[in-house]
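Now for the letters of each chain:
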Amino acid sequence: MKAAADIIAAVATAPGRGGIGVVRVSGYDLRPLMAGILGSKPKPRIATRSVFLAADASQIDNGIALYFPGPASFTGEDVLELQGHGGPVVLGMLLRRCLQLGARLAEPGEFTRRAFLNDKMDLAQAEAVADLIEAASERAVRSAQRSLSGEFSAQVSSLARGIIDLRMLVEAMLDFPEEEIDFLDRERVLSQLASLLAAVAGLLAKARQGSILRKGLKVVLAGLPNVGKSSLLNSLVGADLAIVSPIPGTTRDSVRETIDLEGVRLEIVDTAGLRETNDVVESLGIERSWREFGEADVIVLVCDARSGLTKETRQILAQAPPRLARIVVFNKIDIEGIAASTGQADGFSEVWLSAKTTEGLQGLRDALLRVAGMEVLEEDVFLARERHVSALLAAQTSLQAAEGEFPRPELFAEELRRAHTQLDSIIGKFSADELLGEIFARFCIGK
Ligand code: GDP
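Residues numbered from 1 in each chain as written. Predicted model: local features only at pLDDT ≥ 70, side-chain atom pairs only at ≥ 80, totals over all residues. Heavy atoms only, no water.

Quick look at the pattern of salt bridges now. Under the defined criterion, the tally for this structure stands at 16 salt bridges. Its salt-bridge partner being E127, residue R385 comes within 3.9 Å of it at the nearest N-O pair. Placement of the pair is R385 in the loop between α12 (361–371) and α13 (386–404) and E127 in helix α4 (residues 123–134), with a sequence separation of 258 residues. Several salt bridges share partner residues, and in doing so they unite D6, E77, R104, E110 and R114 into one network. (Salt bridge = Lys/Arg side-chain N within 4 Å of Asp/Glu carboxyl O. Helix = DSSP H or I, 4+ residues; strand = E, 2+ residues; numbered from the N terminus.)

Next comes the structure, spelled out in structure tokens:
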């Protein structure tokens, strides 16, 4: 247990005015602080009507005191919640009174960090606390709750236990000369490894979707001037955002908008027309377009249905970073009465639509979900982070490598050990202080 004497305090409710406001305090022994501010110790876990006292015994506020003696509390320490009136000044006075009585201001996420350090929750659960607060769609909320309840951690732990079993089996084999290793043992090892690989693939699929639910998808609209990028953004968003004009090169700056597509947050960026130009302002916009590609997940390349895939369009397709999912939109099908449709070409999805009449627009929505791997949502998705996805990927790579190393038991065992370490890092069994610092610094104060 760290810093036993340290008492932390923060306003836990959002800044601004509200019906009530909460000051939260945590520390190993809050009795002296409670004596100072409440005059007495409230009964544990019972809402107690109290007067909150200043140093000269005058009243700062009155409200409800809630006392959770450690270790049966959120942080595992004594926790006190003072629920008063939700005004910034009165809450500030209440907080300063706590500081006067020996508390210090809590850092962002410090309550949750203490909960983690005191084994009240593992690291993936602690992260889910912040993700739940940040969740931008109902689907994200439900997935965050699943991670917070420990379902995700439980599946990671069960995978880790499977690896431990297999490691024990393999390390026992290491003690015997090659010729004495039973054929049945080999079979057992291989079949256990196969089921671990299947389990890690299942978990990875859910974590990937969870990670997209958490951070959303960045979609870049690109294409030559005047093909209808701005119009397409407008019809996707359903409002007039970007300037639509028949003069090529009017979208000089990137315009971005966020939409919720079946619970997936899409950040759509309309880039300036990508073409060689002598216009200085326009070329600045173009430079920015290429920069947008660096952070994007999907590129939607718009062209005119009448001209089809032009040489320039192919060039943009070829120049875009390889990791981007690619969708080519053939716009303006209304002009020549072409039917709306979708298809799959080599390396990209095709959608034929009209940004003007919105015919075929659903095809684009479906394609966006499909390229993100979100068209069929896995059941019980966990809100996951990039960090979890990379750890699961690394564990999967090690397990696959183990399969290849099967004839060499030492190397096989080493790959299993690596996979195991990766899984442990998700729930924070062995986490570097820097990682913890980075994770908790992103929390809000008072959580
Ligand atoms: P951008 O330069 O690629 O952003 O193109 P805009 O969205 O500004 O559109 C250029 C012109 O094409 C405008 O006059 C639009 O009204 C027109 N336009 C865009 N989409 C369609 C479409 O689906 N059908 C028709 N008929 N015209 C369109």
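A general trend in soluble globular proteins is that nonpolar side chains are found buried together. Residues L232, L266, V300, I327, V329, L364 and L368 are the most contacted members of the largest nonpolar core, which totals 34 residues. In terms of residue count, α12 provides more of this core than any other element does, 5 residues in total. Looking at which domains feed residues into this core, each of domain 2 (130–213 + 382–428) and domain 3 (217–371) gives three or more. Ignoring sequence-local partners within four residues, the contact set of V329 consists of L232, V300, L301, V302, C303, V351, L353 and L364. Counting 33 residues, the second largest nonpolar core, distinct from the first, contains L169, L197, F382 and A384. (Core = buried A, V, L, I, M, F, W, Y, C linked by side-chain atoms within 4.5 Å. Buried < 20%, exposed > 50% of the residue type's maximum accessible area, 1.4 Å probe, protein only. Domains from an automatic or database assignment. Contact = heavy atoms within 4.5 Å.)

The next thing to look at is the confidence of the model for the chain. For the chain, mean pLDDT is 85; residues scoring 70 or higher make up 88% of the total. Strand β4 (residues 59–68) holds the highest mean pLDDT among the elements of the chain, 97, whereas helix α9 (residues 280–295) holds the lowest, 59. (pLDDT = per-residue confidence, 0-100.)

Let's shift gears to the sheet that holds β4. The 6 strands lie next to each other as β3-β4-β5-β2-β1-β6, forming an open sheet whose pairing is mixed. Edge positions in the open sheet fall to β3 (48–53) and β6 (103–105), since each of these has one partner strand only. The mean angle between the axes of side-by-side strands here comes to 35°, regardless of whether they run parallel or antiparallel. Summarising the sheet, strand β1 (residues 7–11) and β6 pair through 3 bridges and their orientation is parallel. (Pairing = 2+ DSSP bridges. Axes fitted to C-alpha atoms, helices over the stretch in contact; angles between N-to-C directions.)

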